[in-house]
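# Summary of structural features
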Amino acid sequence: MDSYTAQTGETLRSVAYRMRLDIQKLLSLNPHIPNPDTYIAGQTVNLVRMIHIPIAAPQPPETDLKQWIPLTSLEEMSQTEYDVLIVGAGAGGPAVLWRLCQQWGLNGKRIGIVERGDLLIPTHSMNIPTLNASRKRDFYKNISYPLGKSQPEYPGASQVFALGGKTLFWSTASPRMHPADFNEWPISYEELTPYYNIAERVMNISKGYTQDSTITTMMLEILRGSGFPEITELPTAIDLTATKFGQVHSNALFSSIAFLGSALNQRPFDLAVNARAVQILSENGNATGLRVMSPDKKSYVIKAKTIVVSASTWETPRLLLSSGIPGKAIGHYLMNHSKIVATVKIDRSYFPEVLGTLFIWKPRTLIEPYQMILYGPDLERYLWYPVFENKEVLKEFDIGIETLGVVEPQFENYIALNHASVDAYGVPDIQVRFSYSEKDKAIIGKMLQATNHMVASLLGTIGAKNRQPELSFYVPGEDYHEMGSYRMGNDPSTSATNPYGRIHGISNLYVADNSVIPYSGAANPTLTTVALAIRTTDHIIHQLSK
Ligand SMILES: Cc1cc2nc3c(=O)[nH]c(=O)nc-3n(C[C@H](O)[C@H](O)[C@H](O)COP(=O)(O)OP(=O)(O)OC[C@H]3O[C@@H](n4cnc5c(N)ncnc54)[C@H](O)[C@@H]3O)c2cc1C
């Protein structure tokens, strides 16, 4: 095949990805398509001279493989100088790794990633046949580390130290931020759009999970007629493709283990688990490497030309502050989403026999700085369940209404080091200060009104008789959406990185996780974090190619 006519929805990058061709070579053969991320339906893509050079990553010999993913010891990593070294394998770190591997192919550059936690599970927890929604919750409680009582102003938060981070447990809700949110950002919605497109494609984000399910269709109709005209199916990161013709789609719910798998099939990289980064090493204003410790407290130095820190909103400022990286804004502007959850009892008799599942979303608007997500039936019980779980016919069922509000970035909300208390690795613990501003409280008031309005609309149409709704206001952290403690911006007095995630004043040190988000918006953050991480990676690739 010398050329190919692009189909609807395709970009040069998606053609390269699908045909497993090198994007840089494809770009050079197609000067009429300067941007690899614009849609090119109907255009001719020149492939000549390319079809004989597909990217094929050499796999390590199988006999070396002792785990479900190749691992490298810290001893070995300390003998290599990496072109890019990534800290943390939650959402942000693996997105950077995937993009580097996809763009670089087999170009001889060295990529490493160190993860503090161990191998816990090899896929999203809901892809595991032995877990249902309630067992997943129990499992999460046992393996996560709550900030809890030590942080009375932010008591609901928890951390996951494991390969995959919190993406092993997330609910996959993946809306984009609203264009109005970007008024407070150093980059525009339009600038992030190509990266949203890439992230949505690679994370399998679509509205398909609940589309055409009876309960979703009926609820959309009721609520659109009750003052919620924008309500629609929620975009989720779920692979809906059937396993067929040799291609196995066993990772339905996305976790960043999928990034690692895709990266590994492009080219090899070095991954160490149980590898806690404790210090960024620097010389003359440049990062030179990392000091990493194993659980037996042995210390290793790993050299790197560029470092990307993706250790989470809590651990990224902790690592950089304890490494002495200067910056007035570091740790500050911590945000979450204020959160109200209402539970409404629904009368089953209004619905036909086959109910399906419910996951719908009212996005924020210019005048309503909050979003609402409805889920059910019976909260998460029938939102996710293994095929072999007995699904009884219900007489009544609960649905949840989760309202998430914008929280403004305030200097006074911060994470700082508590030098009076150090952990077993000698790293100071954190202390968190957080309170809602008057503006946040006014938004919470509006959220309450909207929630009550939605509850009344449902009770007046399909609600079970004589049943009271339950309403709870979540404490900070219970939303799992902490952001902003290493925010990006143009002004070093109000931001910790530049608009590409590069730490102010250090040319080879970057941040790519929830902490760089400069303004919370109302949307669940992970899609935005991944889109930003891919954008940061493209910037790094460009810098290193100079
Ligand atoms: C139950 C649940 C449901 C959620 N649902 C949604 C949802 O529907 N939609 C959504 O957008 N978001 C959701 N989230 C939030 C989502 O999981 C996070 O936004 C996302 O995982 C944040 O990515 P991150 O890279 O910033 O941090 P993390 O995922 O926390 O990853 C950080 C990683 O860095 C590692 N690390 C930390 N310190 C070090 C160190 N010093 N050295 C080496 N490694 C280190 C950690 O072990 C961890 O693996 C949910 C979270 C939970 C828990």
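Residues numbered from 1 in each chain as written. Predicted model: local features only at pLDDT ≥ 70, side-chain atom pairs only at ≥ 80, totals over all residues. Heavy atoms only, no water.

Below, the discussion takes up the pattern of salt bridges. Where side chains of opposite charge bring their charged atoms close, a pairing between them can arise. Across all of its chains, the model carries 20 salt bridges by this definition. In this structure, the salt-bridge partner of glutamate 200 is arginine 176, at a minimum N-O distance of 2.8 Å. Taken as a pair, glutamate 200 in helix α6 (residues 189-202) and arginine 176 in the loop between β6 (158-159) and α6 lie far apart in primary sequence, 24 residues in all. Each member of the pair glutamate 200 and arginine 176 is classed as buried. It is possible to trace a salt-bridge network through shared partners that takes in Arg116, Arg276, Glu315, Arg318, Asp423 and Asp429. (Salt bridge = Lys/Arg side-chain N within 4 Å of Asp/Glu carboxyl O. Helix = DSSP H or I, 4+ residues; strand = E, 2+ residues; numbered from the N terminus. Buried < 20%, exposed > 50% of the residue type's maximum accessible area, 1.4 Å probe, protein only.)

Burial of strand β16 (residues 370-376) is extensive: seven of the seven residues sit out of reach of the surface. Residues of β16 alternate between two faces, with Tyr370, Met372, Leu374 and Gly376 on one and Gln371, Ile373 and Tyr375 on the opposite face, all of them buried. As defined by bridge partners, β16 adjoins strand β17 (residues 396-405) across six bridges and the pair is classed as antiparallel. The residue of β17 that forms the bridge with glutamine 371 is leucine 404. (Pairing = 2+ DSSP bridges.)

Residue placement: serine 262 occurs in helix α8 (residues 257-264). Residue classification places serine 262 among the buried residues on the basis of a relative accessible area of 16%.

Judged by how many residues are buried, strand β14 (residues 338-347) sits mostly within the fold: nine of 10 residues are covered. Here β14 pairs with β17 via 10 bridges, running antiparallel. From the neighbouring strand, lysine 339 faces β17, where its bridge partner is leucine 404. Bridging between β14 and strand β20 (residues 470-473) involves four bridges; their strand directions are antiparallel. For valine 341, the partnering residue across the bridge sits in β20 and is serine 472.

For the rest of this paragraph, the subject is unusual backbone geometry. Following glycine 376, the chain continues into proline 377 via a peptide bond in cis, with omega recorded as -5°. By the secondary structure assignment, proline 377 is in the loop between β16 and β17. A positive phi angle, close to 70°, is found at threonine 172, a residue other than glycine. Tracing the backbone through its elements, the reader meets threonine 172 in the loop between β6 and α6. If you check the backbone angles, asparagine 204 has positive phi at about 60° while not being a glycine. On the basis of relative accessibility, which here comes to 32%, the residue asparagine 204 falls in the partly exposed class.

On to the packing of helix α7 (residues 214-224) against helix α10 (residues 438-459), then. Running from amino to carboxyl end, α7 crosses α10 at an angle of 115°, the nearest separation of the two axes being 10 Å. As the angle between them shows, α7 and α10 are arranged roughly perpendicular. In the crossing of α7 with α10, the sense of the turn from one axis to the other is right-handed. Each of Met219, Ile222 and Leu223 in α7 lies in contact with α10, whose residues at this interface are Met454, Ser457 and Leu458. In terms of residue class, the contact of α7 with α10 is built from five nonpolar, one polar and no charged. (Axes fitted to C-alpha atoms, helices over the stretch in contact; angles between N-to-C directions. Parallel < 35°, antiparallel > 145°, perpendicular 65-115°, else oblique. Left-handed = near helix turned anticlockwise from the far one by under 90°. Contact = heavy atoms within 4.5 Å. Nonpolar A, V, L, I, M, F, W, Y, C, P; charged D, E, K, R; others polar.)

Function cannot be inferred from these measures alone, as they are strictly geometric.
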